[in-house]
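# Analysis of the macromolecular model
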Amino acid sequence: MKCPFCSFEESRVIDSRPTDEGERIRRRRECLKCQKRFTTYEIIESLPIIVIKKDKTREVFSREKLLNGLLRACQKRPVSIDSLEHMIDEIEATIYNSLDREVPSTKIGELVMDKLKSIDEVAYVRFASVYRQFKDINTFMSELNKLLSNK
């Protein structure tokens, strides 16, 4: 590990502790040359998940993109950022645990709608209207009726 101050390649670890629920390790280091201290983070390297979109193009899964979509669906709703972050964590874990490295966007959309339905029904309908691209009021009403019949 190169020192960010003098670029010397040897340092010693002064302190280590887990962060982010054990997902990363924070290490305080001291350069053996200039004695300045700096922090590094160690994380598990994972292969990226590739999302296969409806038009068959592929892109790397973006947690931020998913969060932005959820924030739009939950705008002016009593849904906390923490609950959205937790939901995204669960969705990511489901995808990683499936061991599929390429996942259709439809599968991600369905996972999101399953989780969102239990958090906020209005946000669910908003997300579903964009995700399912309701063409007219009848398809919108059909989705609402499904939601009401599951109660």
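Procedures and definitions
Residues numbered from 1 in each chain as written. Predicted model: local features only at pLDDT ≥ 70, side-chain atom pairs only at ≥ 80, totals over all residues. Heavy atoms only, no water. Pairing = 2+ DSSP bridges. Helix = DSSP H or I, 4+ residues; strand = E, 2+ residues; numbered from the N terminus. Core = buried A, V, L, I, M, F, W, Y, C linked by side-chain atoms within 4.5 Å. Buried < 20%, exposed > 50% of the residue type's maximum accessible area, 1.4 Å probe, protein only. Contact = heavy atoms within 4.5 Å. Axes fitted to C-alpha atoms, helices over the stretch in contact; angles between N-to-C directions.

### Looking at the pairing of strand E3 (residues 37-43)
Sheet analysis places strand E2 (residues 24-31) next to E3, joined by 7 bridges and oriented antiparallel. Within the sheet, the bridge partner assigned to Arg26 lies in E3 and is Tyr41. Hairpin geometry of E2 and E3 is characterised by an intervening segment of 5 residues between the two adjacent antiparallel strands and by a positive phi of about 60° at Gln35.

### Looking at the nonpolar core
Within the largest apolar cluster, 26 residues are counted, with the highest numbers of intra-cluster contacts made by Leu70, Ile95, Val112, Leu116 and Phe127. Only helix H1 (63-73), helix H2 (81-97), helix H3 (105-119) and helix H4 (121-131) provide two or more residues apiece to this core. Sort the elements by how many residues they give to this core and H4 lands first, with 6 residues. Setting aside chain neighbours within four positions, we find Leu70 in contact with Leu84, Met87, Ile88, Val112, Leu116 and Phe127.

### Quick word on the sheet that holds strand E4 (residues 50-52)
The 3 strands are arranged E5-E4-E6 in an open sheet whose pairing can be described as mixed. Each edge of the sheet is formed by a strand with only one pairing partner; in this case those strands are strand E5 (58-60) and strand E6 (102-104). Each strand axis lies, on average, 35° off the axis of its neighbour in the sheet, ignoring direction. Summarising the sheet, E4 and E6 pair through 3 bridges and their orientation is parallel. When the bridges of E6 are listed, Val51 appears paired with Val103.

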